[in-house]
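# Secondary and tertiary structure notes
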Amino acid sequence: MITLFDYALSGNCFKVRLLLNWLGLAHEVKPVDFYPGFEHRSDAFLTINPLGQLPVIEDDGEIIRDAQAILVHLAARYDPRGHWYPLDEPHRLGPIQTWLAFADALTATISAARQHDAMFFDLDIASARAGGHRLLRILDEHLWFAELEGHDWICPGDRPTVADIACFPYVALSEEGGISQADYPAVLRWVDRFTRLKGFQPMAGMLPLPLAGAAT
Amino acid sequence: MASPRPLVADRTYLRHFWHPVCTVAELDRAGPSGTGPLGVTLLDQPLVIARLDGKFVAMDDRCAHRFAKLSAGKVIDGKVLQCPYHGWQYNDAGRCVRMPACPKEAIPAKALTRAYACAERYGIVWVRLDSSWDCTEIPYCGAWDDPELKRVIVADPYDWGSSAERRWENFTDFSHFAYVHPGTLYDPAYAEPAIVPTDRVGGELRFYMEPGKEMLGSLPPDSPLGSFNYRTSMPFAINLSIRLYRDDSQFLLWTASSPVSENTCRNFMIIAHADPDLDDEVPLNFQKVVLMEDQPIIETQPGPLSLEEISLPTDKISNQYRKWHRELSAAAVNGADAFRAALLTDILESA
Amino acid sequence: MTATVAIGTQPVALERDVRAASLVRSALGDMPLVLWRCDQGEIHVWEDNCPHRSVRLSAGRNLGDCLEDIYHGWRFGRDGALISIHAAKGKELPRISARVLPVATGSGLVWAGAGNQAVPPTDFAITAGEVVMRPLPFSVGAASVAAACAGLEGLRILVSPTGRTSATAYGFVRRRQAESDADAARRANATLSAARRKLEAAA
């Protein structure tokens, strides 16, 4: 049985919930009151994750922390087809890891800006937003040329990978941190494709689903 | 593109109202023994909230000495608020009573931080920034008045990147129910809301509506469908009392938005209902779904209401609300009597 | 080679980037725009604002024959006129329209104008051997962008203002011998990105 230590408004927790649901994995959710309770700084939670970060999972008695690590763990262990993390195709793993690290940078910038705006965290908002725009520019350029070569997803292939799941939440939530998406048309098309994936359900703060079908 | 003309150019009238700033539960979590301090923002003004000698106090979040944030300090012995920088201590009136670096010197008269009217009600801390006219009350909430309401939940506040005016209009907007909340709050087959009378009574905008009973079969069991009785204390509170169709019991949904800035609001919610055995998570989770459906849409609107927006007869509640805000803003320029008249003159349509 | 600021009629997107069943955001000066391709294949460019309660239309839905606002389900037809209101089905509708801008297409670009018609400049059309570049957004004003891009080899650039201190560069790149279209577009994108870094660092 997998236990997810979860906060409903966290994009990093959301990505883990997405993959758990897509893989059809039974799991128990333990809510952690991140805001306004700051329960992630409590002694009880710091024993589980000394970094005080969400999400964390416990799988077969083993604690795994860090959203990207959890995605890789779940996909490698529970997706025998290797769609989400193609262990049998080593040449694809490097690029996927590159974008998993990119997702961490999204957390450091866009998620921080969102915490400033929505949860009143005290931090340098101008630098968080500038950092977010810098990353969205990089992602938009990457996706625009990927489309030109006929690819729909962050890493070449017929299907999305954990790289797409890892990057999706904070990109989709950027406007909650005052980071406009208007300048990133290729990013918006990718967000649109991702939300049309079968079984996708948005989290709070994301716009409702576009009409089903007619994916571009 | 010329920027749209705002509905009210002058928002200073809002300083004469009581606004919620935090829950008592938040203050309890912010410091040992529930004394705070907790930093909040109201109408762009940073405030520190604390409980000193059992009394709730709101003061400018700035030490008179070197402008450090008092909310980063701590409450000593439950009596005084101590600045984190040089340890100046303030009493509940905002006056400095001790300067540790020179305890024997006379304390300068200017060594104070401004304190504001502050009170606790409904498990929520309220602040009024300008009490010079003293003609406003803490908004009405009926959760504890009705013996039928056996369980009351004071929820944690949630923040939206939108104005308090937009939040109020969204909450009372009948014509978006069927569209944004199909299957949650409203059956899309019954999309046309009735246009109902609105009354001004004692500083509240009141109205009543009865959505079609036929929808009952197509909505989830948690959906609070019934006759809707609204008592909304200006400027941002709503007491929605519902007589549920499903079992004729009472259900109360209360909300008040706090105007953090022109584009941000902090929203307080109280739910009360007749079933003492119902898990709090059930009604709370239902409201979370509703909020999740609304929030991203409302956040695409610019914060301030605009005179250029087009209104229809079905927008009557919003139109009446906007009209009253304009009157209050204009009256406040003319002083206490004009403001009191604009707020407290009753106008009845329903009689 | 050349870089000028678009005046009157300006590029607002690439034609290929405006797809069926979706919505594209752009800007004409400081007016935010929504672009959509209807089921007849035409591209429509409107102000990105619902006249009812100022919600962004681009948060709504492209239903093929109309665009639907996401808050109250107001629907606007191809000509921008309000054609149905969710809360008032079958009732007589007020005469309300989304703000519609004149549109033209050509050289792979979508053009919009603030006046009565969109007339792309005759001297900015794609020629044989040229490839359309990826549009590049800048966070400095259009005049500075044009000045900084004027000397870039092999590029012809037209800069669309998208705000007082923001602009997007559209353009064409001359393909080199044995170079694919995609490679030419990549090379142009790298050249322009380098110019952007320099310009924004100075600003």
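Residues numbered from 1 in each chain as written. Chains lettered and ligands numbered in written order. Predicted model: local features only at pLDDT ≥ 70, side-chain atom pairs only at ≥ 80, totals over all residues. Heavy atoms only, no water.

### Brief notes about the overall build of chain A
- When its secondary structure is counted, chain A shows seven helices and four strands.
- Helices (α) and strands (β) of chain A occur, in sequence order from the N terminus, as β-α-β-α-β-β-α-α-α-α-α.
- Radius of gyration (C-alpha) of chain A: 17 Å, near the 17 Å computed for a compact globule of 216 residues.
- Its C-alpha atoms put chain A at 50 × 45 × 35 Å along the principal axes. (Helix = DSSP H or I, 4+ residues; strand = E, 2+ residues; numbered from the N terminus. Rg over C-alpha atoms; globule rule 2.2 N^0.38 Å.)

### Considering the domain arrangement of chain B
All names here are of chain B.
- What the domain assignment reports for chain B is domain 1 (18–128) and domain 2 (151–344).
- Once you take the C-alpha centre of each, domain 1 and domain 2 turn out to be 33 Å apart.
- Across the contact, 15 residues belong to domain 1 and 16 residues belong to domain 2.
- Surface buried jointly by domain 1 and domain 2 totals about 1,100 Å² across both partners, of which 62% is contributed by carbon and sulfur atoms.
- When the area that domain 1 buries against domain 2 is broken down by residue, the three leading residues are His-19, Pro-20 and Tyr-122, summing to 31%.
- Where domain 1 touches domain 2, the interface holds two salt bridges.
- A salt bridge links Asp-156 to Arg-29; the nearest nitrogen and oxygen atoms lie 3.0 Å apart.
- Run the count over domain 1 and domain 2 and you get seven residue pairs in polar contact (both at pLDDT 80 or more).
- Examining the composition of the side of domain 1 that touches domain 2, we find that five residues originate from one element, strand S1 (residues 18–23), more than from any other. (Domains from an automatic or database assignment. Contact = heavy atoms within 4.5 Å. Buried area = accessible area lost by both parts, 1.4 Å probe. Salt bridge = Lys/Arg side-chain N within 4 Å of Asp/Glu carboxyl O. Polar contact = N/O pair within 3.5 Å; in protein donor to acceptor, adjacent residues only side chain to side chain.)

### Quick word on the side chain of Arg200(B)
All names here are of chain B.
- If you trace the backbone, Arg-200 turns up in strand S13 (residues 198–201).
- Arg-200 gets classed as buried once you look at its relative accessible area, which sits at 6%.
- Separated by 2.7 Å, the side chains of Arg-200 and Glu-327 make a polar contact.
- When near neighbours in sequence (up to four residues on either side) are disregarded, Arg-200 contacts Leu-205, Lys-323, Trp-324, Glu-327, Ala-342, Thr-345, Asp-346, Ile-347 and Leu-348. (Buried < 20%, exposed > 50% of the residue type's maximum accessible area, 1.4 Å probe, protein only.)

### As for the interface of chain B and chain A
- Contact with chain B, which involves 12 residues of that partner, is made by 16 residues of chain A.
- Summing the contributions of chain B and of chain A, the shared interface buries around 1,000 Å²; its carbon and sulfur component is 62%.
- Of all residues in chain B, Asp159(B), Met292(B) and Pro296(B) give up the largest surface area on contact with chain A, accounting jointly for 42% of the area buried on that side.
- Run the count over chain B and chain A and you get zero salt bridges.
- Taken together, the connections running from chain B to chain A amount to one residue pair in polar contact (both at pLDDT 80 or more).
- Elements supplying a minimum of two residues to the side of chain B that touches chain A: helix H1 (24–30), strand S18 (264–273) and helix H4 (281–298) of chain B.
- Sort the elements by how many residues they give to the side of chain B that touches chain A and H4(B) lands first, with four residues.
- Counted by class, the side of chain B that touches chain A contains four nonpolar, two polar and six charged residues. (Nonpolar A, V, L, I, M, F, W, Y, C, P; charged D, E, K, R; others polar.)

### Topic: the UniProt feature "domain: Rieske" (unreviewed entry) in chain B
- Within the UniProt annotation, "domain: Rieske" (unreviewed entry) is assigned to residues 18–127 of chain B.
- Helix makes up 6% of residues 18–127 of chain B and strand 43%. Its end C-alpha atoms lie 5 Å apart. (UniProt positions renumbered as here; feature names shortened; annotations may be inferred.)

### Some words on helix H3 (residues 67–78) of chain A
All names here are of chain A.
- With 12 residues, H3 extends 16 Å between its outermost C-alpha atoms, agreeing within 8% with the 16 Å of an ideal straight helix rising 1.5 Å per residue.
- Restricting attention to buried positions, one finds in H3 the residues Ala-67, Gln-68, Ile-70, Leu-71, Val-72, His-73, Leu-74 and Ala-75.
- Where H3 is buried, its residues meet strand S1 (2–6), helix H1 (11–22), strand S3 (56–59), strand S4 (62–65), helix H4 (90–119) and helix H6 (162–172).
- If you check the start of H3, you find a side-chain oxygen 2.9 Å away from the backbone N of Gln-68, and it comes from Asp-66. (Expected span 1.5 Å × (residues − 1).)

### Overview of the sheet that holds strand S7 (residues 89–90) of chain B
Residue and element names in this part refer to chain B.
- The antiparallel open sheet is built from four strands, whose spatial order is S5-S6-S7-S8. Across the chains shown, the open sheet's two edge strands, defined by having one partner strand only, are strand S5 (74–76) and strand S8 (96–98).
- The sheet contact formed by S7 and S8 spans two bridges and is antiparallel. Counted as the bridge partner of Gln-89 is Arg-98 from S8. (Pairing = 2+ DSSP bridges.)

### Remarks on the pattern of salt bridges
- For the structure shown, the criterion picks out 47 salt bridges over all chains.
- With a closest N to O distance of 3.4 Å, Lys79(B) and Asp53(B) form a salt bridge. Taken together, the positions of Lys79(B) in the loop between S5 and strand S6 (80–82) and Asp53(B) in the loop between strand S3 (45–52) and strand S4 (55–60) put the pair 26 residues apart, joining distant regions of the chain.
- Classification of Asp53(B) as exposed rests on a relative accessible area of 52%.
- Taking the shortest distance from any N to any O, the salt bridge between Asp92(B) and Lys55(B) comes out at 3.7 Å. In this pair, Asp92(B) is assigned in the loop between S7 and S8 and Lys55(B) in strand S4, connecting sequence segments 37 residues apart.
- The exposure class assigned to Asp92(B) is partly exposed, which follows from its relative accessible area of 26%.
- The network of salt bridges with common partners includes Glu147(A), Asp152(A), Arg189(A), Arg193(A), Arg16(C), Asp17(C) and Arg19(C).

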